[in-house]
Amino acid sequence: MDDQLYREIILDHYKNPRGHGVIEDADAEAEGMNPLCGDEVSIYVAFAEDGETIEDVKFSGRGCAISQAATSMLMEMAKGRTATEVATLPKDELLEEIGVPLQNNPTRLKCALLGLTTLKVALHKAKGTPLPEGLSGFDELELK
Amino acid sequence: MAVTVGPKLDAYTLRGDFPIFEHSVHGQPLSYLDSASSSQKPRQVLDAMREFYETSYANVHRGVYDLAERATARYEAAREKVRALINAPSTAEVIFTRNVTEGLNLVAYAWGLDNLGPGDVAVVTELEHHANFVPWQQIAKRTGAEFRVIGIDDAGELRLDGLEEIAKAGRVQVVAANLVSNTLGTINPIDRLTAWAHEQGAIMVVDAAQAVPHRRVDVQALGVDFLGFTSHKLCGPTGAGALYGRRELLERMSPFEMGGEMIRKVTIEETTWNDLPYKFEAGTPAFVEAYGMGAAIDYITEVGLEAIEEHEHDLVGRAIERLSELDWVTVYGPPPNRRAGIVSFNVEGVHPHDVAQILDSQGVCVRASHHCTQPLMRRLGVTATARASFYLYSIPEEIDRLIDGLHKVRKVFA
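Residues numbered from 1 in each chain as written. Chains lettered and ligands numbered in written order. Predicted model: local features only at pLDDT ≥ 70, side-chain atom pairs only at ≥ 80, totals over all residues.

## Here we look at the domain arrangement of chain B
Residue and element names in this part refer to chain B. Which entries qualify depends on this criterion: Annotation comment: domain bounds sourced from an automatic or database domain assignment. Residue pairs qualify as contacts under a 7 Å threshold applied to their C-beta atoms, which are placed from the backbone. Counting from the N terminus, the helices are the DSSP runs of H or I reaching at least four residues and the strands are the DSSP runs of E reaching at least two.
Considered domain by domain, chain B is made up of domain 1 (11–32 + 304–412) and domain 2 (48–301). Look at where the C-alpha atoms of domain 1 and domain 2 centre, and you get two points 28 Å apart. Opposite the 23 residues of domain 1 that make contact, domain 2 presents 24 residues. Elements with a contribution of two residues or more to the side of domain 1 that touches domain 2: helix H11 (305–324), strand E14 (342–347) and helix H13 (374–380).

## Observations regarding unusual backbone geometry
All names here are of chain B. Residue Pro277 is bonded to the preceding Leu276 through a cis peptide linkage, with omega at 0°. One can find Pro277 in the loop between strand E12 (271–273) and helix H10 (287–303). If you check the backbone angles, His26 has positive phi at about 50° while not being a glycine. Inspection of the secondary structure puts His26 in the loop between strand E1 (24–25) and strand E2 (28–29).

## Focus on the interface of chain A and chain B
Definition in use: When residues are grouped by polarity, Ala, Val, Leu, Ile, Met, Phe, Trp, Tyr, Cys and Pro land in nonpolar, Asp, Glu, Lys and Arg in charged, and all others, Gly among them, in polar.
Each partner contributes to the interface: chain A provides 14 residues, whereas chain B provides 16 residues. Looking at the side of chain A that touches chain B residue by residue, the classes come out as nine nonpolar, two polar and three charged.

## Concerning the pairing of strand E5 (residues 120–125) of chain B
Residues and elements named next belong to chain B. Spelled out, the test is: Neighbour counting defines burial: a residue surrounded by 20 or more other C-beta atoms within 10 Å of its own C-beta is buried, one with 12 or fewer is exposed, and intermediate counts give partly exposed, using backbone-placed C-beta atoms. Note on pairing: two strands pair once DSSP finds at least 2 bridges between them.
Counting buried residues in E5 gives six out of six residues, a clear majority hidden from the surface. Burial of E5 is two-sided: the residues Asp120, Ala122 and Val124 facing one way and the residues Val121, Val123 and Thr125 facing the other way are all buried. As judged from the four bridges shared by E5 and strand E7 (residues 171–178), these two strands associate in the parallel manner. Note on E7: the bridge partner recorded for Ala122 is Val174. Across five bridges, E5 lies against strand E6 (residues 146–150) in parallel orientation. Of the residues in E6, the one forming a bridge with Thr125 is Ile150.

See below:
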């Protein structure tokens, strides 16, 4: 099973994460945590002049190969899209991109979706877009 | 440390008592290295519980009919087994709980709320499981008491030289510590901590979840005031645990939960409480599980706690030796001669989740998490570790498979 899980593309994104870093004075940001392992990811968004298109998006933090690779892929997917598009991005679209079987592994599914959830929370805080379904791992304070 | 008093245990033979080892995982033999989370169950315990349900089941207490009397007698016989295991003076001081967490919360609420206030200090250690950390942190906040933490050194051992400074924070009223760290396997000097606590006029509360299943624990010899442990880590079922409490303290405390067997008399105006230990057992208890815990105590006692301790000591020594040969693996915690059968480690450049996932495909079960010790993780400078832990059924071949698996991890992430 690990051979399927640790495909070349996952390991590539893990070792060479795209969009890794911090955006100073970001227009939107949020910090997510996987309560299971204590992993944290922070996501920073800068909007284009229209205030809606995601011009740049970066992430920092540390985590397992699945969470880091998934977040790295997400950065590539989100760039250039609008806040509303990303806020309503179905998680299956990201999972398809990741392309490894996680259906029977709810624990690792949480790892894979940590970045997406955190990005949606960041957009919610900045733009009032809808929160993702089944939100967990965020303090209530964080959402205010 | 591990003193040889009896014959060594034969883990290969004991494994025959555990049906789980007849099963394979991903086509590989099961290497179960997660007993610090929960232990596997021998047939003797499973049979005892089944026999209870099939022949003697009815609710305990207040039953007049024979079946209820028999069920009650079994429940109380289990209490005596718990008492004998930890050498408590009386069964009145043995409270059945759901688990250690509930037992420790019982003390924090039922004792802490009435005995802590401004100027008082609650003390825990940096090695604590959240269950013995957070209740005291929160009760201190609610009562206005100070909260202090005994730090550790780089080997993961308590820095007792910091006690003097802690005592300056106010009147130390409670010291809470685990006997064995669930993350590092550190064996804490509970005798010295207890002596210090009592010098301060404080009570000593001990989380013995990782100790009672693996070594002889004597509450009178330790002199502690409260000590909790759980059934599912000592070959027994989930849902049962026990809390020892010193009688004078239990008598002065208000109940934790109310209703059921803990009641003596209720009127519209007033309620009085049942005698110990029932005052702290509200509602129908998990009495079949308590009985199963009794059967598990029989099982580990028959194997011999000294033999179990020695066996695990051998294994952890072997594991640390093999892990230390890998210069891409970091091992956390004290040297083998000062630790129980638990070893936390990390593989360079690989997250413990990924380590555990790849090990799983080799049939090797280790935990990858913060192990409910987030302050300790912060102290170690990590968010999580992989952890291997041993019990009476663990065999050296499982360590070999762990090491083989780690080489595979290294290969995948090369």
